[in-house]
There are 2 protein chains.
Amino acid sequence: MIITREAILAMEKQHRTNLINSLPGVRGANLIGTVSTEQVTNLAIFNSVMHIGAHPPLMGFIMRPVSVPRGTYKNIRDTGYFTINHVAESFYKQAHQTSARYETSEFEATGLTPFYSDTLPAPYVQESAVKIGLKFVEEHLITANQTILMIGEIQEIHLPEGAFNEEHILQLAHTGSIGVNGLETYYRVEKIAELPYAKPHQPVV
Amino acid sequence: MIITREAILAMEKQHRTNLINSLPGVRGANLIGTVSTEQVTNLAIFNSVMHIGAHPPLMGFIMRPVSVPRGTYKNIRDTGYFTINHVAESFYKQAHQTSARYETSEFEATGLTPFYSDTLPAPYVQESAVKIGLKFVEEHLITANQTILMIGEIQEIHLPEGAFNEEHILQLAHTGSIGVNGLETYYRVEKIAELPYAKPHQPVV
């Protein structure tokens, strides 16, 4: 089946959103925690958390256009800090529910537990095995549709013992981290293999 | 366990790369296909393919700094087009092997099969169930580490029949798409659930 550009543009809006959102495949399900200057916490689920670089240690995520108020964006720009927290299967329904529009903190609304460290003001999610604290460093406005790439530098990482192997690679079975495709389909993951660094002379199969 | 910023910066380089690369969790494993102005094809695996927006339909990915020559980057800027192709478990070792440095086309080197459409010059991967053709629209240089966010607009999508459900959400079990964490750990995925759009009054658990 070939879906042309014209067919995409002619699709019913929700169908187009669902299809295009699910095209990148599975992605890590992550909760981003922030706090306002009035000390109101905010928690929101994102499927766009990405690696930017290891030295300095940088991560990013995509914000939808701020033409409507976005608590996550405003809090990061006002306070300079945010946290990234892996979603696990044990609380993925609560994590998903953070995408509803609440008048109060999503922590209160969903029952997830804020956790604080002395290093930064933004709240972590206590239930998350992988908690990453970041300081905002730069943003890029994407001209084509006014979304924003937000980038932060890692300030600290909270992990359970045994979360990574001797090569320092995170083991998602140990952390219980799950994936999401598009905005609503959650996936558990199972390791196939850890492959060696690819060199030209290696046999391929 | 708390890993401080200082401890991250003091880590052995490969350990730091492995840890920071694996922090976002699982991500879709995708092959990006391009062709040079001399008609030499290039194929490279990426773990950073992301959704940017549905209308216009936009996807992006992160390029490492172009301080060393990057075939994918040069080809996209020279020809204006690229393809994104989902990796499946049946050929993930070949897909991984595209990250080795070859003198010839990675298609030849790995045995993956180029497939062409009349819509654009960049090669698709015939073995991929999900093939997406894109036209380059913009790039953003990330100041903190000189990586580049590349963005393209979807021109066409090739999918097998039944690849998405009646809501137009891609079904990764049908397409066989797998995930990768960091640079080398491949994961198969299994659907947990498709949750409804979150509204404030819904019970959370």
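None of these values were measured; they are calculated from a predicted model.

1. A look at the overall build of chain A
Moving on, step 1. Secondary structure summary: chain A contains 6 helices and 13 strands in total.
Moving on, step 2. Along the longest, intermediate and shortest principal axes, the C-alpha atoms of chain A span 60 × 50 × 30 Å.
Moving on, step 3. Relative to its 205 residues, chain A shows a buried fraction of 61%.
Moving on, step 4. A separation of at least 24 residues holds for 59% of the contacts in chain A among residues at least 6 apart in sequence.

2. Points about the nonpolar core
Moving on, step 1. Among the nonpolar cores identified, the biggest contains 68 residues, and Leu23 and Ile157 of chain A together with Leu23 and Ile157 of chain B are the most heavily contacted of them.
Moving on, step 2. Look past the residues within four positions of Leu23 of chain B in its chain and what remains in contact with it is Met59, His86, Val130, Ile132, Ile154, Ile157 and Leu170 of chain A.
Moving on, step 3. Judged by nonpolar contacts, the second largest core, of 18 residues, contains Ile192 and Ala193 of chain A together with Ala29 and Ile178 of chain B.

3. Considering the relation of the copies chain B and chain A
Think of it as a corkscrew move, a rotation about one axis and a shift along it, taking one chain copy to the other.
Moving on, step 1. Overlay of chain B on chain A (RMSD 0.0 Å): rotation 180°, translation along the axis 0.0 Å. Taken together, the rotation angle and the small translation identify this as a two-fold axis.
Moving on, step 2. With an isologous cut-off of 70% or more, the 100% of interface residues of chain B that recur at the interface of chain A puts this contact in the isologous class.

4. Re the packing of aromatic side chains
Moving on, step 1. Applying the stated criterion across every chain, the model contains 8 aromatic pairs over all chains.
Moving on, step 2. The interplanar angle of 70° and the centroid separation of 4.9 Å between the aromatic rings of Phe46 of chain B and Phe61 of chain B together place this pair among those described as edge-to-face. Separated by 15 residues along the polypeptide, Phe46 of chain B in strand β4 (residues 41-46) and Phe61 of chain B in strand β6 (residues 57-63) bring together distant segments of the chain. Comparing Phe46 of chain B with Phe61 of chain B, the two get one shared label, buried.
Moving on, step 3. Geometrically, the ring pair formed by Phe115 of chain B and Tyr124 of chain B is tilted, given 6.1 Å between the ring centres and 55° between the ring planes.
Moving on, step 4. Since its relative accessible area comes to 27%, Phe115 of chain B is described here as partly exposed.
Moving on, step 5. According to the relative accessible area criterion, Tyr124 of chain B is buried, its value standing at 0%.
Moving on, step 6. The rings of Phe46, Phe61 and Phe82 of chain A are connected pair by pair, giving a single aromatic cluster.
Moving on, step 7. The ring of Phe115 of chain A has Lys131 of chain A sitting right over it, with the charged end atom 5.5 Å from the ring centre.

5. Re helix α2 (residues 13-22) of chain A
Moving on, step 1. A large share of α2 of chain A lies buried, amounting to 7 of its 10 residues.
Moving on, step 2. Inspection of α2 of chain A places Arg16, Thr17, Asn18, Leu19, Ile20, Asn21 and Ser22 of chain A among the buried residues, and these make up the whole buried set.

6. Focus on the environment of Phe164 of chain B
Moving on, step 1. You can see Phe164 of chain B is positioned in the loop between β11 (148-158) and α6 (172-175).
Moving on, step 2. Spatially, the C-alpha atom of Phe164 of chain B lies 31 Å from that of Tyr73 of chain B, the residues being 91 residues apart in sequence.
Moving on, step 3. Contact partners of Phe164 of chain B, with chain neighbours within four places excluded, come to Met1, Ile3 and Leu19 of chain A together with Leu159, Ile169, Leu170 and Gln171 of chain B.

7. What to know about unusual backbone geometry
Moving on, step 1. Note that the residue after His55 of chain A, namely Pro56 of chain A, is joined by a cis bond; omega there is 5°.
Moving on, step 2. If you trace the backbone, Pro56 of chain A turns up in the loop between β5 (50-54) and β6 (57-63).
Moving on, step 3. The backbone of His168 of chain A sits at a positive phi, close to 70°, despite the residue not being glycine.
Moving on, step 4. Along the chain, His168 of chain A falls in the loop between β11 (148-158) and α6 (172-175).
Moving on, step 5. Phi angles above zero are rare outside glycine, and Gln146 of chain B is one such case at about 65°.
Moving on, step 6. A relative accessible area of 39% means that Gln146 of chain B is categorised as partly exposed.

8. Quick look at the confidence of the model for chain A
Moving on, step 1. In this model, chain A carries a mean pLDDT of 95, and residues with pLDDT of at least 70 account for 98%.
Moving on, step 2. Here the predicted complex scores 0.96 on pTM and 0.95 on ipTM.

9. So, the interface of chain B and chain A
Moving on, step 1. Counting residues at the interface gives 100 residues for chain B, matched by 100 residues for chain A.
Moving on, step 2. Between chain B and chain A, roughly 9300 Å² of surface is buried when both sides are summed, and carbon and sulfur atoms account for 64% of that area.
Moving on, step 3. Our count for the contact surface shared by chain B and chain A stands at 4 salt bridges.
Moving on, step 4. Arg5 of chain A is paired through a salt bridge with Glu153 of chain B; the nearest N and O atoms lie 2.9 Å apart.
Moving on, step 5. The interface formed by chain B and chain A includes 46 residue pairs in polar contact (both at pLDDT 80 or more).
Moving on, step 6. In terms of residue count, strand β13 (residues 185-194) of chain B provides more of the side of chain B that touches chain A than any other element does, 10 residues in total.
Moving on, step 7. Tallied by class, residues from the side of chain B that touches chain A come to 51 nonpolar, 31 polar and 18 charged.
Moving on, step 8. Where strand β1 (residues 2-4) of chain A lies against β11 of chain B, 3 bridges are found, and the strand directions are antiparallel. Bridge assignment links Ile2 of chain A to a residue of β11 of chain B, and that residue is His158 of chain B.

10. With respect to the pairing of strand β13 (residues 185-194) of chain A
Where a strand is regular, its side chains alternate between the two sheet faces.
Moving on, step 1. Where strand β12 (residues 179-181) of chain A lies against β13 of chain A, 3 bridges are found, and the strand directions are antiparallel. Among the inter-strand pairings, Gly179 of chain A is bridged to a residue of β13 of chain A, identified as Tyr187 of chain A.
Moving on, step 2. Counting the residues in the hairpin turn of β12 of chain A and β13 of chain A gives 3 residues, including Gly182 of chain A, whose phi is positive at 65°.
Moving on, step 3. In the sheet, β13 of chain A pairs with β13 of chain B via 9 bridges, with the strands oriented antiparallel. Directly across from Ala193 of chain A, in β13 of chain B, lies its bridge partner Tyr186 of chain B.

11. Section: the environment of Ala44 of chain B
Residue and element names in this part refer to chain B.
Moving on, step 1. With respect to the secondary-structure elements, Ala44 resides in strand β4.
Moving on, step 2. A relative accessible area of 15% means that Ala44 is categorised as buried.
Moving on, step 3. The sequence separation of Ala44 and Ile32 amounts to 12 residues, and the corresponding C-alpha distance is 5.4 Å.
Moving on, step 4. Those residues within four positions of Ala44 in sequence are excluded, and the remaining contacts are Asn30, Leu31, Ile32, Thr72 and Thr98.

Cut-offs used in this document
- Residues numbered from 1 in each chain as written.
- Chains lettered and ligands numbered in written order.
- Predicted model: local features only at pLDDT ≥ 70, side-chain atom pairs only at ≥ 80, totals over all residues.
- Heavy atoms only, no water.
- Helix = DSSP H or I, 4+ residues; strand = E, 2+ residues; numbered from the N terminus.
- Buried < 20%, exposed > 50% of the residue type's maximum accessible area, 1.4 Å probe, protein only.
- Contact = heavy atoms within 4.5 Å.
- Core = buried A, V, L, I, M, F, W, Y, C linked by side-chain atoms within 4.5 Å.
- Least-squares fit on C-alpha atoms with pLDDT ≥ 70 in both.
- Phe/Tyr/Trp six-rings, centres within 6.5 Å; stacked < 30°, edge-to-face > 60°.
- Lys NZ or Arg CZ within 6 Å of the ring centre and 35° of its normal.
- pLDDT = per-residue confidence, 0-100.
- Buried area = accessible area lost by both parts, 1.4 Å probe.
- Salt bridge = Lys/Arg side-chain N within 4 Å of Asp/Glu carboxyl O.
- Polar contact = N/O pair within 3.5 Å; in protein donor to acceptor, adjacent residues only side chain to side chain.
- Nonpolar A, V, L, I, M, F, W, Y, C, P; charged D, E, K, R; others polar.
- Pairing = 2+ DSSP bridges.

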